[in-house]
Amino acid sequence: MSHPNGNGFGKVGVLFGGRSAEREISIFSGTGVLQALQAQGIDAHAFDPAQRSLAELAGEKFVRVFIALHGRYGEDGTMQGALEQLGIPYTGPGVLASAIAMDKAMTKRLWLQHGLATPKFEMLHAGSDWRSVAHTLGLPLIVKPAHEGSTLGLTKVTDAAQLPAAYALAAKFDKAVMAEEFISGMELTCPLLGTGDHARALPVVRIIAPDSNYDYQNKYFSDQTQYLCPSGIPPALEQQVQQLALASYRSLGCRGWARADVMVRATDQQPYLLEINTSPGMTSHSLVPMSAAVAGMPYEQLCVAILRSAALDLQVSADWKPH
Ligand SMILES: Nc1ncnc2c1ncn2[C@@H]1O[C@H](COP(=O)(O)OP(=O)(O)O)[C@@H](O)[C@H]1O
Ligand SMILES: [Mg+2]
């Protein structure tokens with residue numbers, strides 16, 4: 001099945017906007033995807049689940065949808081479940097993988113089970129023994145809400161006495177709060193593309209904040225943050241990170257596409273998985289498109305490739321065949 005002008009896809013919905021805290025970035029992602037698909041001659045239409053009901057989604061009779069939603073109600077398995085119910089193939093990982101990936105602690109338990117490197121962690125609660133947490137994980141450590149999309153509750157703790165306040169802050173964003181071993185080193189992210197035996201890692205992107213120390217403010221609010229792709233890291237390390245990212249993708253049963261965040265410890269160059277994003281940013285300046293371009297796949301082609309991988313859970317487990 002090839003689509004020279006993309007016309008073989010039928011009516012396509014691009015889901016963006018939505019109700020999560022990441023609504024604004026989703027609008028940028030979705031607008032870019034919509035334009036790219038239309039430019040390829042695909043009959044693509046915008047659909048904002050925050051403004052229209054699931055009944056209207058069913059009424060649109062989309063043949064497949066591109067999910068460009070981020071965070072809750074878009075990336076967490078709930079929209080994927082609704083699309084399964086409606087029988088509309090969708091891009092990205094299925095219900096279970098999306099739901100697990102949204103929960104960082106659950107994801108890490110799975111990775112540990114598969115022998116994949118991820119920083120040590122502990123769940124926190126109001127009655128946690130703070131000194132023992134600091135002793136087990138070492139200092140500094142990171143306190144964060146377990147659910148993705150809640151970046152605001154994250155603290156780097158350098159002294160055990162700061163733990164109760166860091167916990168209280170994270171608990172404002174999420175019932176599940178975790179403390180994690182701090183990995184001092186290089187920050188990388190690695191996109192994954194494809195399904196089953198065809199899944200592959202794209203080139204790694206290196207993220208450099210203006211301050212060589214970890215700094216949350218810099219990373220998210222400074223336009224001086226640098227994104228390097230090609231990453232410039234030694235080829236053997238690049239490959240090791242790609243293999244780890246691909247293994248992390250497979251361990252959750254991901255399909256379609258995703259992006260794994262990795263820290264490489266400075267002392268021994270050991271890569272550690274932080275989390276996997278199952279509906280990453282997809283503006284033309286986002287990290288997955290940046291990496292795909294280095295792999296020889298321009299933005300429009302990437303959008304079409306992701307759209308082509310749209311599926312339902314059952315098709316993948318029972319009937320899935322590569323196109
Ligand atoms: N254990 C850790 N060690 C060092 N830096 C961390 C650690 N956990 C998070 N960070 C930093 O915080 C950022 C956000 O954390 P992450 O777990 O990726 O959550 P999210 O991207 O959902 O906010 C990371 O990109 C990294 O810069
Ligand atoms: Mg992240």
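These figures come from a predicted structure and were not determined experimentally.

Criteria and thresholds
Residues numbered from 1 in each chain as written. Chains lettered and ligands numbered in written order. Predicted model: local features only at pLDDT ≥ 70, side-chain atom pairs only at ≥ 80, totals over all residues. Heavy atoms only, no water. Buried < 20%, exposed > 50% of the residue type's maximum accessible area, 1.4 Å probe, protein only. Helix = DSSP H or I, 4+ residues; strand = E, 2+ residues; numbered from the N terminus. Pairing = 2+ DSSP bridges. Axes fitted to C-alpha atoms, helices over the stretch in contact; angles between N-to-C directions. Contact = heavy atoms within 4.5 Å. Salt bridge = Lys/Arg side-chain N within 4 Å of Asp/Glu carboxyl O. Donors = N, O, S within 2.8 Å, 3.2 Å for Na, K, Ca; no water.

### Observations regarding the pairing of strand β5 (residues 141-145)
Both faces of the sheet carry side chains from a regular strand, because those side chains alternate between them.
Point 1. Among the 5 residues in β5, 5 count as buried, and that is most of the element.
Point 2. By the alternation rule, side chains of β5 split into Leu141, Val143 and Pro145 and Ile142 and Lys144, which are all buried.
Point 3. Relative to strand β6 (residues 155-157), β5 runs antiparallel, the two sharing 3 bridges. Each residue of the ladder has a partner; that of Val143, found in β6, is Thr155.
Point 4. In terms of strand pairing, β5 meets strand β7 (residues 177-181) through 5 bridges, oriented antiparallel. Within the sheet, the bridge partner assigned to Ile142 lies in β7 and is Glu180.

### Brief notes about the sheet that holds strand β1 (residues 11-15)
Point 1. On the basis of which strands lie adjacent, the open sheet formed by 3 strands has the order β2-β1-β3 and parallel pairing. Looking at strand neighbours, the two that pair on one side only are β2 (43-47) and β3 (64-67), the edges of this open sheet. Within this sheet the neighbouring strands show an average axis-to-axis angle of 25°, counted without direction.
Point 2. Bridging between β1 and β3 involves 4 bridges; their strand directions are parallel. Paired with Val14 across the strands is Phe66, a residue of β3.
Point 3. Across the sheet, helix α11 (residues 299-308) lies against β1 and β3, angled at about 125° from β3, the strand it touches most.

### Here's the deal with the environment of Thr283
Point 1. With respect to the helices and strands, the residue Thr283 is situated in the loop between β13 (271-277) and α10 (287-294).
Point 2. Classification of Thr283 as buried rests on a relative accessible area of 14%.
Point 3. Sequence separation of Thr283 and Thr31 is 252 residues, and the distance between their C-alpha atoms is 7.9 Å.
Point 4. If we ignore the near neighbours within four places in the chain, the residues touching Thr283 are Ile25, Phe28, Ser29, Pro289 and Tyr299.

### Structural notes on the pattern of salt bridges
Point 1. Scanning the model with the defined rule gives 10 salt bridges in all.
Point 2. Glu60 is the partner of Lys11 in a salt bridge, and the nearest nitrogen-oxygen pair spans 2.8 Å. With a gap of 49 residues between them, Lys11 in strand β1 and Glu60 in the loop between α2 (54-59) and β3 connect regions that are remote in the sequence.
Point 3. Its salt-bridge partner being Arg259, residue Asp261 comes within 3.0 Å of it at the nearest N-O pair. Grouping residues by exposure puts Asp261 and Arg259 together as buried.
Point 4. Look at the salt bridges and you will find they share partners, linking Lys11, Arg52, Glu56 and Glu60 into a network.

### Brief notes about the coordination of the magnesium ion (ligand 2)
Point 1. Protein-derived coordination of the magnesium ion (ligand 2) comes from Asp261 (OD) and Glu275 (OE), at a distance range of 1.9 to 2.1 Å. Taken together, the residues Asp261 in strand β12 (residues 257-265) and Glu275 in strand β13 connect sequence positions 14 residues apart. Glu275 carries the same exposure label as Asp261, and that label is buried.

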